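Report on the structure
Chain by chain, the residues run as shown.
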Amino acid sequence: MTFYFTGVRSFPKLWKSNPYLGLGQGHSYVSLFLKDYDGIRNQQKWFSLKTMSPQNTKGMNLLIAKVGYVRKGNEGNNKQVSSESPHMFAAGAAKKRSQMNPSSKGHDLRPVGNIIQLPTKPLTSEEWDKLKEDFKEKANFENWIISQMVKCHSSVDVAKSVLAWVAAKNSGIVGYDLLVKYLSLCVFHKQTSEIIDVYEIMKTRYKRLEPAGSTLLIRGLSHTDRWREALLLLEDIRKVITPSKRNYNDCIQGALFHQDVNVAWNLYQELLGHDIVPMLETLKAFFDFGKDIKDVQYSNKLQDILLYLRNNQLYPGESFAHSIKTWFESVPGEQWKGQFTTIQQSGQCLGCGRTLESIHLSSEEYEFLKGKIMKDVIDGGDQYKKTTPQELRRFQNFVKCCPPFDIVIDGLNVAKMFPKARESQVLLDVVSQLAKRNLHVLVLGRKHMLTQNSRWRKDDMEKVQKHASCFFADNISEDDPYLLYATLHSGNHCKFITNDLMRDHKACLPDARTQHLFFKWQQAHQLAITSRHPGSKIIFQHILNYDTVVQTTGDSWHIPYDEELVERYSYEVPTRWLCLHRKT
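Every value quoted in this text rests on a predicted model; they were computed, and no experiment measured them. (Residues numbered from 1 in each chain as written. Predicted model: local features only at pLDDT ≥ 70, side-chain atom pairs only at ≥ 80, totals over all residues. Heavy atoms only, no water.)

Considerations on the overall build of the protein chain
To be explicit about the condition: By definition, any uninterrupted DSSP run of H or I lasting at least four residues is a helix, any uninterrupted run of E lasting at least two residues is a strand, and each is numbered from the N terminus. Summary of the burial criterion: residues with accessible area below 20% of their type's maximum are buried, those above 50% are exposed, and those between are partly exposed, where the area comes from a 1.4 Å probe applied to protein chains only. Accessible surface is estimated by sampling points in the Shrake-Rupley manner with a 1.4 Å probe; for residues, cover comes only from the protein chains shown.
Helix and strand content of the protein chain: 23 helices and 18 strands. For the protein chain, with 584 residues in total, the buried portion stands at 49%. For the protein chain, the exposed surface amounts to about 29100 Å²; the carbon and sulfur share of it is 49%.

Remarks on helix 16 (residues 363–379)
Rules: A helix is expected to span 1.5 Å for every residue after the first. Bend at a given residue is defined as the angle between two axes, one fitted to the seven residues that end at that position and one fitted to the seven that begin there. Residue contacts are defined here by distance: any two heavy atoms, one from each residue, within 4.5 Å place the two residues in contact.
Over its 17 residues, helix 16 runs 22 Å from end to end, which matches the ideal 24 Å to within 8%, given 1.5 Å per residue. For helix 16, the principal kink sits at I373 and spans about 30°. Buried within helix 16 we find Y366, L369, I373, M374, D376, V377 and I378. Turning to helix 16, the residues buried within the fold contact helix 17 (389–400), helix 21 (480–490), helix 22 (503–507) and helix 23 (512–525).

Brief notes about helix 13 (residues 280–289)
Considered for burial, the residues of helix 13 that qualify are T282, L283, A285, F286, F287 and F289. Of the surrounding elements, those touching the buried residues of helix 13 are helix 11 (245–257), helix 12 (261–273), helix 14 (296–311) and helix 15 (318–330).

Considerations on the packing of aromatic side chains
Heads up, the rule is: Aromatic pairing here means that ring centres of Phe, Tyr or Trp (its six-membered ring) are within 6.5 Å. Orientation follows from the plane angle: under 30 degrees is stacked, over 60 is edge-to-face, and everything else is tilted.
In this structure the tally under the stated criterion is 26 aromatic pairs. With 4.1 Å between their ring centres and 20° between their planes, W265 and F286 make a pair best called stacked. On the criterion of sequence distance, the pair formed by W265 in helix 12 and F286 in helix 13 is long-range, its members being 21 residues apart. We note that W265, like F286, is buried.

Quick notes on the sheet that holds strand 17 (residues 556–561)
Convention followed: Strands are treated as partners if at least two bridges between them are detected by DSSP.
If you walk across this open sheet you meet the four strands as 8-18-17-16, and the pairing is antiparallel. The strands lining the two open edges of the sheet, one partner per strand, are strand 8 (336–341) and strand 16 (551–552).

Quick look at the packing of helix 16 against helix 23
The relative placement of two packed helices comes down to the angle between their axes together with the axis-to-axis distance. Which entries qualify depends on this criterion: Where helices are involved, their axes are fitted lines through C-alpha atoms of the stretch in contact, as for all axes, and angles between N-to-C directions lie from 0 to 180°. By the definition adopted for this analysis, an angle is roughly parallel if under 35 degrees, roughly antiparallel if over 145, roughly perpendicular if from 65 to 115, and oblique otherwise. Residue type decides the class: Asp, Glu, Lys and Arg count as charged, Ala, Val, Leu, Ile, Met, Phe, Trp, Tyr, Cys and Pro as nonpolar, and the leftover types, Gly among them, as polar.
Helix 23 packs onto helix 16 with a crossing angle of 110° between their chain directions and a minimal axis gap of 10 Å. Considering the angle they form, helix 16 stands roughly perpendicular to helix 23. Contact residues: helix 16 offers E365, Y366, F368, L369, K372 and I373, while helix 23 offers R513, T514, L517, F518, K520 and W521. Its residues placed into classes, the contact of helix 16 with helix 23 shows seven nonpolar, one polar and four charged.

Overview of the nonpolar core
Definition in use: For this analysis, a nonpolar core means a set of buried residues of the types Ala, Val, Leu, Ile, Met, Phe, Trp, Tyr and Cys, connected via side-chain atoms within 4.5 Å.
W128, M149, M202, F286, L306 and I324 are the most contacted members of the largest nonpolar core, which has 82 residues in total. What F286 contacts, discounting residues up to four positions off in sequence, is I252, L256, A264, W265, Y268, Y298, L302 and I305.

Looking at the packing of helix 7 (residues 176–188) against helix 8 (residues 192–205)
The condition that has to hold: Left-handed describes a crossing in which the near helix is turned anticlockwise from the far one by less than a right angle; the clockwise case is right-handed.
Running from amino to carboxyl end, helix 7 crosses helix 8 at an angle of 150°, the nearest separation of the two axes being 9 Å. Classified by the interaxial angle, the pair formed by helix 7 and helix 8 is roughly antiparallel. Like other packed secondary-structure pairs, helix 7 and helix 8 cross with a definite hand, here left-handed. Where helix 7 approaches helix 8, its residues Y176, L179, V180, Y182, L183, C186 and V187 are matched on the opposing element by E194, I195, V198 and M202.

As for the pattern of salt bridges
Should the charged atoms of two oppositely charged side chains come close, the side chains can pair. Convention followed: The rule for a salt bridge is simple: a side-chain nitrogen of Lys or Arg has to be within 4 Å of a carboxyl oxygen of Asp or Glu.
Under the counting rule described, the total for this entry stands at 28 salt bridges. Between D547 and K520 there is a salt bridge, and its shortest N-O distance comes to 3.6 Å. One end of the pair, D547, is in the loop between strand 15 (539–540) and strand 16; the other, K520, is in helix 23, and 27 residues separate them in sequence. For D547, a relative accessible area of 2% translates into the label buried. The shortest N-O distance in the salt bridge between R568 and D562 comes to 2.6 Å. Ionic contacts of the salt-bridge type, sharing partners, join the residues E200, K203, R226 and E229 into one network.

Points about unusual backbone geometry
One non-glycine residue, K190, adopts positive backbone phi at about 55°. Among the residues examined, K190 registers a relative accessible area of 68% and is labelled exposed. Phi at Q313 takes a positive value of approximately 50°, unusual for a residue other than glycine. By the element assignment, Q313 lies in the loop between helix 14 and helix 15. Residue classification places Q313 among the buried residues on the basis of a relative accessible area of 18%.

A closer look at the environment of V261
Inspection of the secondary structure puts V261 in helix 12. In sequence terms V261 and F289 are 28 residues apart; their C-alpha atoms lie 9.0 Å from each other. Setting aside residues up to four positions removed in sequence, V261 forms contacts with F289 and Y298.

Details of the environment of Q541
Structurally, the position occupied by Q541 is in the loop between strand 15 and strand 16. When its relative accessible area of 12% is taken as the criterion, Q541 is described as buried. In this structure the C-alpha to C-alpha distance between Q541 and L527, which are 14 residues apart in sequence, comes to 6.7 Å.

Observations concerning the side chain of S154
For S154, the location among the structural elements is in the loop between helix 5 (141–152) and helix 6 (156–169). Judged by its relative accessible area of 9%, S154 is buried. Apart from the residues lying within four places of it in its own chain, the contact partners of S154 are L118, M149, L185 and H189.

Points about the environment of C186
Here C186 lies in helix 7. Each residue touching C186, except ones within four places of it in the same chain, is listed here: V156, Q191, E194 and I195.

Focus on the pairing of strand 17
The buried fraction of strand 17 amounts to six of the six residues, a majority that puts the element mostly inside the structure. Here strand 17 shows two buried faces, one formed by S556, H558 and P560 and the other by W557, I559 and Y561. Alignment of strand 16 against strand 17, held across two bridges, turns out to be antiparallel. When the bridges of strand 17 are listed, Q551 appears paired with H558. Linking strand 16 back to strand 17 in an antiparallel pair, the connection comprises three residues, with G554 at a positive phi of about 100°.

Structure follows, in structure tokens:
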């Protein structure tokens, strides 16, 4: 698609008084790189059963409570060492693990292609010609150079000189893509007059714009006096596709900026009606606007936003948390007081002393989740790609013949946690420690683990089978469905040990509620090993006792939020909280 400048009324206005076409030498530059059970004792034993006493709840509780270990030394000098490591799902924990156990060193990447200098001041047509001559892919130069300017947020005047150069040598014709990229730069720099000029040109030439152009114009116009025209562009997008969360955000922000609260709330409800998760900055804008406003209806809507965060396991950023705190404290006559704090392992807030909601599922929630996982992950998942129906049935029969387990271990995953140690020895150390607490342990493994080699010693594995029940699947089988089945079949007390975060299985679940229950169950049941030292006990990370979601008692709110400088992965939860309570 091309754009003809000739005969367009607003062309002179867009390019008026361009003093840069006659610039001489001496411009400054920025350097850029161009780079375009069927086992019988006298046969190979694929599973083994260990006779156990009834379920040992006390032993389990002691295990979970112990997050330290005793170093062996001279008598009288045994010292309890506290584990300061965060729980497995704490924000930033994955980042720290990756830094402690780097998989590989980074490689230097050399630039590919030519080196070209990106001007920081407008150039003349002759200078643009010369720069193009030094560019290998000459046919793509104009698009490349303007794209680089957008990436580097170059001056609008420099980009304008590119378009003027292109127009001069093409009889006033400038490609649509170049114009949209120029618009992108204008929007970034909030050059309102330039945005409006480009808008006028596009309105004159095109009856309807494609979504990318409309999105830029919506963003550019939303904070100008012509913000209602952004709503017309939003309507044009609706005729083709569902507008994006960014489209709605810009229009809502524009409406609030111009004090039209009804339009903003209507757009917000429309966005939710499309099952679109709003941008957090959209929600923040409503709190910022509501400061010092005494309006019960508006306050109820803001509290509905907080409940939306809870129901969707969304966490505000630090700036958003400050906006929430400011709004609560600003509401006349309400006497709210906020503070930023942390939560103790017991679930007690260090700010107000209240105990947060338990992480443990109710019996109704547990049975609901168990049914969903059995249906959607065990029976309806893709596990048959890596196992067979016959083997899965063999395992299910095996589990049904056993008393409930206290701990289910992903044997191969645990064995590989400490690469420098012999794998069979690591697994034996873990199983032995659990067996000392008289816990009924199931080890899930692969058949190759029973073959003698440098990493897997036969005598180690024989000891493992004495201390725990074991099931060894085919070498190509997937472990996770077996682990989930055995853990859930054993009951709500059963814990499991693996470093696998099971994101794929969570994704198999049909809706947000089930996924939330799965993650909540996972946090309360997944044990992680933090360290193993010769002559000392295995150290397990503590399990959360409280749920990390927005929660309220009516006269208090507790809101987990993301710290600005902490990198949190999607399967992690924040460790910082905003505590709000009414003064009495």
